[in-house]
Amino acid sequence: MSGGVVAGPDGLARCPWGLEAESMTDYRVYHDTEWGLPVRGDDALYERMCLEAFQSGLSWLTILRRREGFRAAFAGFSIAAVAAFTDADAERLLADPGIIRNRAKIAAAIGNAKVAAQWEPGELDAFIWSYAPEPADRPAPRTWADVPATTPESTALAKELKKRGFRFIGPTTAYALMQACGLVDDHLADCHVRRLPPPGPTTA
C-alpha cells in the first residue's frame, strides 16, 4: 500500500487502509472516528498500548473485531484492576476465545499494568505525550509511502518504556500507538479526516 487517498462510497477521500475491501465498514469507522485523534488518560492509553501489542504480527482487523472481548477480559482496561490479576486470571485469559490467546502478550499486558499502577495518576499520560513531536516539524504525508514505520521519537519512547519495566512495545509498536492516539497525525494531506477541525481529546 503506497498510494494516495481513495474515495469511498460516500465520496469522501480517505487514507487507503481505511477502505480495504474485505473490511471496509470496520476500518472506515475506526479511521474516521478514532485513528489519529487525541487520546488522553492513563487507562485509555494503557488500553491502546495493550491492543497495539496484541496486534503485533496480526491484522488490525483481528483486534478491532475482538475489542469488546478484550475490554471484558481485561476489566475495561482499568490499570488498577488488571494490576491485581493473579496467575489464575492469566490462565482464564488463555482460555478466553474473545481475545488473542498468546501467553507472552497476556503476560505483558498484566505486567505492564503492574508497572503503570506504581506511577502517580496522570503520570503515564504525561510521559507518553511528552514524546509527541511538534506538528510543525511533520509535513502532511501525500501518500502512504511517506508514512514511516518508526521515528526517533517512537524509538526513544520504546527504549524508555522498556527501561521502566514495560514489555512488548518496540519502536514499531510505539509508533503505531503514537499514530492511533494522536501524538502524530498521519492522515494523508487530502484525507477528509485531516481536514476536519481538531476535536477535543477522548479518554475512552
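For the structure, check the block above.
Right, let's walk through the structure included here. Along every chain, residues carry numbers that run from 1 in the direction the sequence is written. In view of the model being predicted, local features appear only for residues whose pLDDT reaches at least 70, and side-chain atom pairs are presented and counted only at 80 or more, with totals across whole chains, interfaces and linings using the full set of residues. To get the side-chain values, all heavy atoms of the structure are used, and hydrogens and water are removed first.

1. A closer look at the overall build of the chain
Move 1: Each helix and strand counted, the chain has 10 helices and 2 strands in total.
Move 2: Numbering of helices and strands runs from the N terminus, with a helix taken as a DSSP run of H or I at least four residues long and a strand as a DSSP run of E at least two residues long. Across the chain, helices and strands are ordered from the amino to the carboxyl terminus as β-β-α-α-α-α-α-α-α-α-α-α.
Move 3: The globule rule used here is 2.2 Å times the number of residues to the 0.38 power, and the radius of gyration it is set against is calculated over C-alpha atoms. Here the C-alpha atoms of the chain give a radius of gyration of 17 Å, agreeing with the 17 Å that 2.2 N^0.38 yields for 204 residues.
Move 4: The principal-axis extent of the C-alpha atoms belonging to the chain is close to 50 × 35 × 25 Å.
Move 5: Every one of the 204 residues in the chain was classed for burial, and the buried ones make up 47%. Burial classification: accessible surface area is computed with a 1.4 Å probe over protein chains only, and a residue below 20% of its type maximum counts as buried, one above 50% as exposed, and the rest as partly exposed.

2. Topic: helix H1 (residues 24-33)
Move 1: Among the residues of H1, Tyr27, Tyr30, His31 and Asp32 are the ones counted as buried.
Move 2: Check the buried side of H1 and you find it contacts strand E2 (13-14), helix H2 (42-55), helix H3 (60-64), helix H4 (67-73) and helix H10 (171-180). Working rule for contacts: check all heavy atoms of both residues, and any pair within 4.5 Å makes them a contact.

3. Some words on the packing of helix H9 (residues 152-163) against H10
What describes two packed helices is the angle between their axes and the distance between those same axes.
Move 1: Note on definitions: angles span 0 to 180 degrees between N-to-C directions of axes, and those axes are lines fitted to C-alpha atoms, for helices only across the stretch in contact. At their nearest, the axes of H9 and H10 sit 8 Å apart, and the two run at 110° to each other. In terms of orientation, H9 and H10 fall into the roughly perpendicular class. You can see that H9 and H10 cross each other, and the crossing is right-handed. Residues Glu153, Ser154, Thr155, Leu157 and Ala158 of H9 form the contact with H10, whose participating residues are Pro171, Ala174, Tyr175 and Met178.
Move 2: Amino acid classes used here: Ala, Val, Leu, Ile, Met, Phe, Trp, Tyr, Cys and Pro are nonpolar; Asp, Glu, Lys and Arg are charged; the rest, including Gly, are polar. A breakdown of the residues in the contact of H9 with H10 according to their chemical character gives 6 nonpolar, 2 polar and 1 charged. Oblique is the label for every angle not falling under 35 degrees (roughly parallel), over 145 degrees (roughly antiparallel), or within 65 to 115 degrees (roughly perpendicular). Helix crossings fall into two classes, left-handed where the near helix is turned counterclockwise from the far one by less than a right angle and right-handed where it is turned clockwise.

4. Observations regarding unusual backbone geometry
Move 1: In this structure, Ala75 takes a positive phi of about 50° despite not being glycine.
Move 2: Within the secondary structure layout, Ala75 lies in the loop between H4 and helix H5 (79-83).
Move 3: The exposure class of Ala75 is partly exposed, given its relative accessible area of 39%.
Move 4: Here Phe168, not a glycine, exhibits a phi torsion of approximately 65°, which is positive.

5. Comments concerning the packing of aromatic side chains
Aromatic ring pairs are defined here through the distance separating the ring centres and the angle between the ring planes.
Move 1: When the centres of two rings from Phe, Tyr and Trp lie within 6.5 Å, Trp using its six-membered ring, the rings pair. Their planes under 30 degrees apart give stacked, over 60 give edge-to-face, and anything left gives tilted. Counting across every chain of the model gives 14 aromatic pairs.
Move 2: Considering the side-chain rings of Tyr30 and Trp60, the 5.5 Å spacing of their centres and the 45° angle between planes classify their relative orientation as tilted. In this pair, Tyr30 sits in helix H1 while Trp60 sits in helix H3, placing the two residues 30 residues apart along the sequence.
Move 3: Residue classification places Trp60 among the buried residues on the basis of a relative accessible area of 13%.
Move 4: Measuring from ring centre to ring centre gives 6.4 Å for Phe70 and Phe74, while their planes differ by 20°; the resulting arrangement is stacked. Each member of the pair, Phe70 as well as Phe74, is classed as buried.
Move 5: Three or more aromatic residues link up through ring pairs in this structure, and these residues are Trp17, Tyr27, Tyr30, Trp35, Trp60 and Trp144.
Move 6: Here, over-ring charges are defined by two tests on the NZ atom of lysine or the CZ atom of arginine: distance to the ring centre within 6 Å, and angle to the ring normal within 35 degrees. Directly above the ring of Phe85 sits Arg92, whose terminal nitrogen or CZ lies 5.3 Å from the centroid.

6. Some details on the nonpolar core
Move 1: Among the nonpolar cores identified, the biggest contains 60 residues, and Tyr46, Phe70, Phe74, Leu124 and Phe166 are the most heavily contacted of them.
Move 2: With 7 residues, H2 is the largest single contributor of residues to this core. For our purposes a nonpolar core is just a set of buried Ala, Val, Leu, Ile, Met, Phe, Trp, Tyr and Cys residues, chained together by side-chain atoms within 4.5 Å.

7. Considerations on the pattern of salt bridges
Move 1: One side-chain nitrogen of Lys or Arg within 4 Å of one carboxyl oxygen of Asp or Glu is enough to make a salt bridge. Overall, the coordinates contain 16 salt bridges when judged by the stated rule.
Move 2: Close ionic contact of Glu68 with Arg71 constitutes a salt bridge, the shortest N to O distance being 3.0 Å. Residue Glu68 and its partner Arg71 are both found in helix H4; the two are separated by 3 residues, about one turn of the helix.
Move 3: By relative accessible area, which is 23% here, Arg71 ends up partly exposed.

8. Concerning the packing of helix H6 (residues 87-94) against helix H7 (residues 103-116)
Move 1: In contact at an axis separation of 10 Å, H6 and H7 are set at 135° when each is read in the N-to-C sense. When the axis of H6 is compared with that of H7, the two are oblique. The handedness of the crossing between H6 and H7 comes out as right-handed. Note on element contacts: H7 touches H6 through Arg103, Ile106 and Ile110, opposite Ala90, Glu91, Leu93 and Leu94.
Move 2: Tallied by class, the residues present in the contact of H6 with H7 amount to 5 nonpolar, no polar and 2 charged.

As far as function goes, none of this settles anything; it's purely spatial.
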